[in-house]
Amino acid sequence: MPDGGSPDRAVASRAVKQFLDAIQSGASGDDIAALPLPESYRAAVVLKDEAGMFEGIPSEEKDPRKSLHVQDVAVPELAPDEAYVAVMASAINFNTVWTSIFEPLPTFGFLSRLGKESRWGARHDLPYHVVGSDASGVIVEVGSAVRNWKPGDRVVIHCNYVDDQDPSAHDDSMLAANQRIWGFESNFGGLADLTLVKANQIMPKPAHLTWEEAACNALCNSTSYRMLVGHNAARMKQGDVVLVWGATGGLGGYAVQYVLNGGGIPIGVVSSQDKVELLHELGCEAAVDRRAGNYRFWSDEHTQDESEWRRFGKDVRALVGEDPDIVFEHPGRQTMGASVFVAKRGGTVVTCAATSGYMIEYDNRHLWMKLKTIKSSHFANYKEAWEANRLISLGKVQPILSALHPLEEVGEAADAVHHNAHEGKIGVLCLAPEEGLGVDDPELREKVGEEKITRFRRHAQKLGAK
Ligand SMILES: NC(=O)c1ccc[n+]([C@@H]2O[C@H](COP(=O)([O-])OP(=O)(O)OC[C@H]3O[C@@H](n4cnc5c(N)ncnc54)[C@H](OP(=O)(O)O)[C@@H]3O)[C@@H](O)[C@H]2O)c1
């Protein structure tokens with residue numbers, strides 16, 4: 001494998017750059033297909049022999065800038081049901097933070113398991129892991145079994161990686177026995193100049209968005225869609241009161257939009273007055289600043305304080321006059337006790353994560369006596385991801401890109417997410433040489449409104465200027 005210091009690097013970069021030149025000059029799909037494939041490409045990786053580098057260090061001190069490297073890696077062979085996509089932009093997701101701090105486990109175990117599955121799976125089991133679970137870009141080659149996509153197509157990628165020959169994948173593919181998240185549980189992810197994806201991960205790029213605006217949505221937007229809108233999780237209805245933790249974060253920034261679009265009443269929980277202001281700009285009137293409220297749900301590491309759940313519940317109820325029908329959960333250990341407590345009698349806590357710890361405690365009496373439900377959710381099946389992408393394409397849900405880094409700064413970008421120093425999504429420019437490129441439908445962009453599309457970016461820039 002060529003590495004970052006190898007003389008092959010310049011050759012690889014030149015070969016990949018041909019794709020960029022072709023894309024920027026409006027070359028046809030046939031012209032793009034005729035370009036030679038490089039032998040290697042630039043990618044953000046973690047290394048297997050560094051998986052123990054943070055042992056004994058507290059989580060918050062584990063530094064993605066030390067573990068994420070940008071280097072050249074070999075282009076893997078293409079399977080018949082796959083496509084190579086020249087990646088124009090990508091985004092940071094929390095799963096890249098987990099991979100980069102090797103928590104809760106190094107992701108090399110996932111790659112080794114995939115490696116045992118088949119000849120094609122074996123390609124993934126490598127001493128490096130190309131990370132990243134979001135991307136926008138242009139298809140440059142498709143395998144012989146790909147029917148609906150061709151070179152030149154401008155696309156975004158969703159991260160549900162399923163084996164369509166597995167019967168368990170054919171009701172809800174998120175129930176598939178070997179369902180994986182691309183770029184987390186598989187190799188060759190999106191934080192790179194080139195990626196390898198299954199044809200059933202591909203969706204059309206929203207034409208009115210730039211590459212980086214289009215790249216930041218699929219993972220979090222689809223997850224929030226399934227949690228609230230699709231028929232597999234909380235199934236929000238008009239009038240529902242929905243408490244959204246982290247309401248200006250990656251998941252929450254889409255969740256708030258879905259609640260508003262669906263005729264619900266969002267209550268956003270955030271950790272600063274600036275974020276409260278952003279929520280109000282989004283149209284979410286009810287907001288809780290958890291830092292100002294100084295809620296101490298845990299009195300010590302092992303004991304929760306019900307009086308603090310009650311104080312929080314009272315504050316929430318005071319905002320809209322009733323308790324939440326749905327609690328949109330992902331912080332996990334720190335908040336789950338409070339979430340179960342504050343949900344309305346008969347209400348639902350929908351959870352997809354546990355940022356602050358996955359060993360959860362709640363008082364079961366509050367669950368069963370008040371007939372509440374805890375509903376789990378995980379990413380989205382292709383249909384749900386497609387519907388969520390359609391809403392972005394129609395301009396009914398907006399991207400929440402707040403900041404942008406070049407691929408070389410992927411460590412800084414992941415570190416900001418690790419330390420909750422961001423709002424919405426942090427984008428990463430891969431082949432795109434600058435921001436603002438890739439808009440194919442300026443009329444739709446104008447109709448949707450620059451103000452709505454760039455709300456998170458402008459808010460972050462305003463904060464930076466303060
Ligand atoms: N299962 C899935 O398919 C799936 C998909 C996407 C993400 N996830 C997981 O979901 C979690 C959130 O992802 P994200 O992209 O939304 O991350 P994010 O962009 O970091 O946003 C999460 C927000 O949660 C809030 N938060 C963090 N720790 C908290 C705590 N201890 N108590 C209360 N609020 C807290 C923060 O907002 P404030 O500080 O403003 O309150 C933060 O901005 C991650 O663990 C991620 O791995 C799972």
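The residue numbers shown here count from 1 along each chain, following its written sequence. For a predicted model such as this one, the threshold for reporting local features is a pLDDT of at least 70, and the threshold for listing and counting side-chain atom pairs is 80 or more; totals across whole chains, interfaces and linings nevertheless cover every residue. Excluded from the side-chain calculation are hydrogens and water; included are all heavy atoms of the structure.

Section: the site of the ligand
Here is step 1: Taken together, 27 residues form the shell around the ligand, and within it S271, R290, T355, F379 and H422 come nearest.
Here is step 2: The term polar contact refers here to a pair of N or O atoms within 3.5 Å; inside protein, the definition further demands a hydrogen-donor-capable atom paired with an acceptor-capable atom, and it admits residues adjacent in sequence only when both atoms are side-chain atoms. F379 is positioned such that a nitrogen or oxygen atom in its backbone is 2.7 Å from an oxygen atom of the ligand.
Here is step 3: Protein chains shield 90% of the accessible area of the ligand, which is 910 Å² for the free molecule.
Here is step 4: Helix and strand labels come from DSSP, where a helix needs a run of H or I of at least four residues and a strand needs a run of E of at least two; each type is numbered from the N terminus. Of all elements in the fold, only α4 (94-100), α8 (218-228) and α9 (250-261) reach the threshold of two or more residues within the shell around the ligand.
Here is step 5: Residues were grouped as follows: Ala, Val, Leu, Ile, Met, Phe, Trp, Tyr, Cys and Pro as nonpolar; Asp, Glu, Lys and Arg as charged; and all remaining residues, including Gly, as polar. Along the lines of polarity and charge, the residues of the shell around the ligand split into eleven nonpolar, 14 polar and two charged. Proximity is defined per residue: any heavy atom of the residue falling within 4 Å of a molecule or strand makes that residue near it. Computed by Shrake-Rupley with a 1.4 Å probe, the accessible areas treat only the displayed protein chains as cover when residues are assessed.

A closer look at the sheet that holds strand β11 (residues 241-244)
Here is step 1: Spatially, β13-β12-β11-β16-β17-β18 is the arrangement adopted by the six strands of the open sheet, whose pairing is parallel. This sheet does not close on itself; its edge strands, each paired only once, are β13 (286-289) and β18 (373-376). Each adjacent strand pair in this sheet contributes to an overall mean axis angle of 20°, direction not counted.
Here is step 2: The pairing criterion is simple: DSSP has to find at least two bridges between the two strands. Looking at chain direction, strand β16 (residues 326-329) and strand β17 (residues 348-351) are connected through four bridges and run parallel. When the sheet's bridge partners are listed, I326 is paired in β17 with T348.
Here is step 3: In this fold α8 packs onto β11, β16 and β17, with an angle of close to 150° to the strand it touches most, β16. Helix axes are fitted only over the stretch in contact, all axes being lines through C-alpha atoms; the angle between N-to-C directions runs from 0 to 180 degrees. Note on contacts: a residue pair qualifies if any of its non-hydrogen atoms lie within 4.5 Å across the two residues.

Points about helix α10 (residues 273-282)
Here is step 1: Buried within α10 we find K275, V276, L278, L279 and L282. Along the long axis of α10, the arc covered by the buried residues comes to 160°, so they all point the same way.
Here is step 2: Looking at the buried side of α10, the elements it contacts are α9, β12 (265-270), β13 and α19 (455-465).
Here is step 3: One or two positions beyond α10, positive phi appears at G283, with a value near 105°. Categorising residues by exposure relies on relative accessible area from a 1.4 Å probe, with only protein chains included: less than 20% of the type maximum marks a residue as buried, more than 50% marks it as exposed, and the intermediate range marks it as partly exposed. Here the arc refers to the directions that run from the helix axis out to each C-beta atom.

So, the packing of aromatic side chains
Here is step 1: Paired rings are identified among Phe, Tyr and Trp, the last through its six-membered ring, by centres lying within 6.5 Å, and are further divided according to the angle between planes into stacked (under 30 degrees), edge-to-face (over 60) and tilted (the rest). For the structure on display, the rule yields twelve aromatic pairs.
Here is step 2: Taking 6.3 Å as the distance between ring centres and 85° as the angle between the ring planes, the aromatic pair formed by W245 and F297 counts as edge-to-face. Residue W245 is found in the loop between β11 and α9, and its partner F297 is found in the loop between α11 (290-293) and β14 (298-300); the two are separated by 52 residues along the sequence. Like W245, the residue F297 is buried in the burial classification.

Remarks on the sheet that holds strand β4 (residues 128-130)
Here is step 1: On the basis of which strands lie adjacent, the open sheet formed by three strands has the order β2-β1-β4 and antiparallel pairing. Of all strands in the sheet, those bounded by a partner on one side alone are β2 (69-74) and β4. Along the sheet, successive strands turn relative to each other by an average axial angle of 60°, direction set aside.
Here is step 2: Two strands pair when backbone bridges link them, and strand β1 (residues 40-47) and β4 are joined in this way by three bridges, in the antiparallel orientation. The residue of β4 that forms the bridge with V46 is H129.

Comments concerning a nonpolar patch on the surface
Here is step 1: On the surface, I360, Y362 and I374 cluster together to form a nonpolar patch covering roughly 210 Å² of accessible area.
Here is step 2: Examined against the element boundaries, Y362 turns out to sit in the loop between β17 and α14 (364-368).
Here is step 3: Exposure remark for Y362: the relative accessible area of 33% places this residue in the partly exposed category. Patches here: salt-bridge-free residues with over 30% relative accessible area, like charges joined within 9 Å, nonpolar side chains (Val, Leu, Ile, Met, Phe, Trp, Tyr) joined within 5 Å. Salt bridges are counted wherever a side-chain nitrogen of Lys or Arg sits within 4 Å of a carboxyl oxygen of Asp or Glu.

Thoughts on the confidence of the model for the protein chain
Here is step 1: Of all residues in the protein chain, 97% attain a pLDDT of 70 or more, and the chain-wide mean is 96.
Here is step 2: For every residue, the predictor reports its confidence as pLDDT, a number between 0 and 100. Residue range residues 1-10 is modelled with pLDDT below 50. Its contacts to residues more than four positions away, or to other chains, number 20 contacts.

With respect to the pairing of strand β20 (residues 425-429)
Strand residues, when the strand is regular, have side chains that alternate between the two faces of the sheet.
Here is step 1: When you tally the buried positions in β20, you get five out of five residues, the bulk of the element.
Here is step 2: Going residue by residue along β20, you find K425, G427 and L429 tucked away on one face and I426 and V428 tucked away on the opposite face as well.
Here is step 3: The sheet contact formed by strand β3 (residues 82-91) and β20 spans three bridges and is antiparallel. Bridge pairing in β20 places S90 opposite V428.
Here is step 4: As judged from the five bridges shared by strand β19 (residues 401-406) and β20, these two strands associate in the parallel manner. Counterpart to L401 in the pairing with β20 is K425.
Here is step 5: What joins β19 to β20 is helix α16 (residues 410-418), and the crossover it makes is right-handed. Here is how to tell: hold the view so the strands point away, follow the path from the first strand over the helix to the second, and if it runs clockwise the crossover is right-handed.

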